[in-house]
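Now for the letters of each chain:
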Amino acid sequence: MEGQNDQNDLKVKKIAVAVIIVFHLVGLLGFLIPAAQPYFIKLVPFHLLLMFAVIVFAYNADVKRLLLFVSGVFLCGFLVEVLGVSTGKIFGSYYYGNTLGYKIAAVPLLMGVNWVILIFSVGQMLKSMKVRNSILASLTGALILVGFDFFLEPVAMKFDYWHWDWHEIPVQNYVAWFIVSVILLKFYYALGLKQQKYIGTAMFASQLIFFVVLYMTTGTNIFA
């Protein structure tokens with residue numbers, strides 16, 4: 001019975017990875033083709049919710065811990081964004097566009113979801129790399145997320161995710177990303193969430209490739 005359960009779980013993981021890769025690839029093509037861009041931009045909220053659902057439904061361990069992780073990171077990530085937008089003291093002066101959907105206090109609710117996806121993905125990826133020390137893993141993961149944000153920021157501005165005042169990305173933003181990421185990753189490791197085969201690595205790699213390609217084609221679109 002245990003062997004059968006393992007096989008069923010592996011099938012679920014393979015399906016989840018396939019969904020992650022296929023939807024990121026299709027989304028990337030949609031963003032690269034000018035005629036398709038307006039339609040795919042409208043689908044961004046649904047894409048994020050789908051990736052969130054993949055994480056939740058493919059998880060095969062203590063659901064209470066997962067829910068604690070999701071609620072904690074969502075609330076912390078969202079509230080940090082609210083403070084950031086309202087004060088300009090955390091990340092710098094910026095405001096959100098319409099791409100990420102419904103807002104509360106000028107911040108899309110999906111920003112909380114986005115933080116959950118990123119922290120879970122990087123945490124899982126580092127576990128798969130056998131980085132066992134939680135402090136080292138949190139610092140390493142935060143550096144990885146800062147690198148990810150470097151490619152994300154220009155793409156986010158182009159596609160109306162959010163915008164920086166004076167169209168300049170302050171160094172303060174990357175410092176804040178690092179600090180917030182360290183705190184949230186430490187929370188992830190404190191909960192001791194079980195590693196889910198392939199899910200985290202596939203999710204983070206797919207997102208990174210998505211934004212790196214768009215970053216490289218922001219100025220010159222190869223399909224234009």
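See the structure above.
Since the model is a prediction, treat every value here as computed from it, not as a measurement.

**Some details on the packing of aromatic side chains**
Scanning the model with the defined rule gives 20 aromatic pairs in all. Arranged with centres 4.8 Å apart and planes meeting at 70 degrees, the rings of phenylalanine 31 and phenylalanine 159 form a pair that is edge-to-face. With a gap of 128 residues between them, phenylalanine 31 in helix α1 (residues 2–32) and phenylalanine 159 in the loop between α6 (134–158) and β4 (162–164) connect regions that are remote in the sequence. By relative accessible area, which is 4% here, phenylalanine 159 ends up buried. Centre to centre, the rings of phenylalanine 69 and tyrosine 188 are 5.7 Å apart; their planes meet at 75 degrees, and the pair counts as edge-to-face.

**Side note on the pattern of salt bridges**
What the rule picks out here adds up to 2 salt bridges. With a shortest N-O distance of 2.7 Å, lysine 13 and aspartate 9 are connected by a salt bridge. Remark: aspartate 9 and lysine 13 occur in helix α1; sequence separation between them is 4 residues, near one turn of the helix. Judged by its relative accessible area of 2%, lysine 13 is buried. With a shortest N-O distance of 3.8 Å, arginine 65 and aspartate 62 are connected by a salt bridge. Given a relative accessible area of 40%, arginine 65 falls into the partly exposed group. For aspartate 62, a relative accessible area of 39% translates into the label partly exposed.

**Quick notes on the side chain of histidine 24**
Note on placement: histidine 24 falls in helix α1. Classification of histidine 24 as buried rests on a relative accessible area of 6%. A distance of 2.8 Å separates the side chain of histidine 24 from the backbone oxygen of isoleucine 20, its partner in a polar contact. Among the polar contacts made by the side chain of histidine 24, one reaches the side chain of histidine 47 at a distance of 3.4 Å. Setting aside residues no more than four positions away along its own chain, histidine 24 makes contact with His47, Met51, Met203, Ser206, Gln207 and Phe210.

**Let's talk about the side chain of asparagine 173**
Positionally, asparagine 173 belongs in helix α7 (residues 171–191). On the basis of relative accessible area, asparagine 173 is assigned to the buried category, the value being 2%. In contact with asparagine 173, other than residues within four places in its own chain, are Phe91, Asp149, Glu153 and Trp164.

**With respect to the nonpolar core**
In terms of nonpolar packing, the biggest core is built from 68 residues, with Phe69, Ile119, Phe120, Tyr161 and Trp162 touching the most fellow members. Examining the composition of this core, we find that 12 residues originate from one element, helix α5 (residues 110–128), more than from any other. For isoleucine 119, the residues in contact, after removing those within four places along its chain, are Phe69, Val73, Leu145, Ser181, Leu184, Leu185 and Tyr188.

**A closer look at the environment of leucine 110**
Within the secondary structure, leucine 110 sits in helix α5. Judged by its relative accessible area of 10%, leucine 110 falls in the buried class. The spacing of leucine 110 and leucine 48 is 62 residues in sequence and 7.5 Å in space, taken between C-alpha atoms. Each residue touching leucine 110, except ones within four places of it in the same chain, is listed here: Pro45, Leu48, Leu49 and Leu100.

**Points about the packing of helix α4 (residues 63–87) against α5**
In a packed pair of helices, the relevant descriptors are the angle between the two axes and the axis-to-axis distance. Remark: α4 packs on α5, axes separated minimally by 7 Å, with the N-to-C direction vectors making an angle of 125 degrees. The orientation of α4 with respect to α5, classified from their angle, is oblique. Remark: the crossing between α4 and α5 carries right-handed chirality. Here Leu66, Phe69, Val70, Val73, Phe74, Gly77, Phe78 and Glu81 of α4 come into contact with α5, specifically with Met111, Gly112, Val113, Trp115, Val116, Ile119 and Phe120. The residue makeup of the contact of α4 with α5, split by class, is 12 nonpolar, 2 polar and 1 charged.

Calculation notes
Residues numbered from 1 in each chain as written. Predicted model: local features only at pLDDT ≥ 70, side-chain atom pairs only at ≥ 80, totals over all residues. Heavy atoms only, no water. Phe/Tyr/Trp six-rings, centres within 6.5 Å; stacked < 30°, edge-to-face > 60°. Helix = DSSP H or I, 4+ residues; strand = E, 2+ residues; numbered from the N terminus. Buried < 20%, exposed > 50% of the residue type's maximum accessible area, 1.4 Å probe, protein only. Salt bridge = Lys/Arg side-chain N within 4 Å of Asp/Glu carboxyl O. Polar contact = N/O pair within 3.5 Å; in protein donor to acceptor, adjacent residues only side chain to side chain. Contact = heavy atoms within 4.5 Å. Core = buried A, V, L, I, M, F, W, Y, C linked by side-chain atoms within 4.5 Å. Axes fitted to C-alpha atoms, helices over the stretch in contact; angles between N-to-C directions. Parallel < 35°, antiparallel > 145°, perpendicular 65-115°, else oblique. Left-handed = near helix turned anticlockwise from the far one by under 90°. Nonpolar A, V, L, I, M, F, W, Y, C, P; charged D, E, K, R; others polar.

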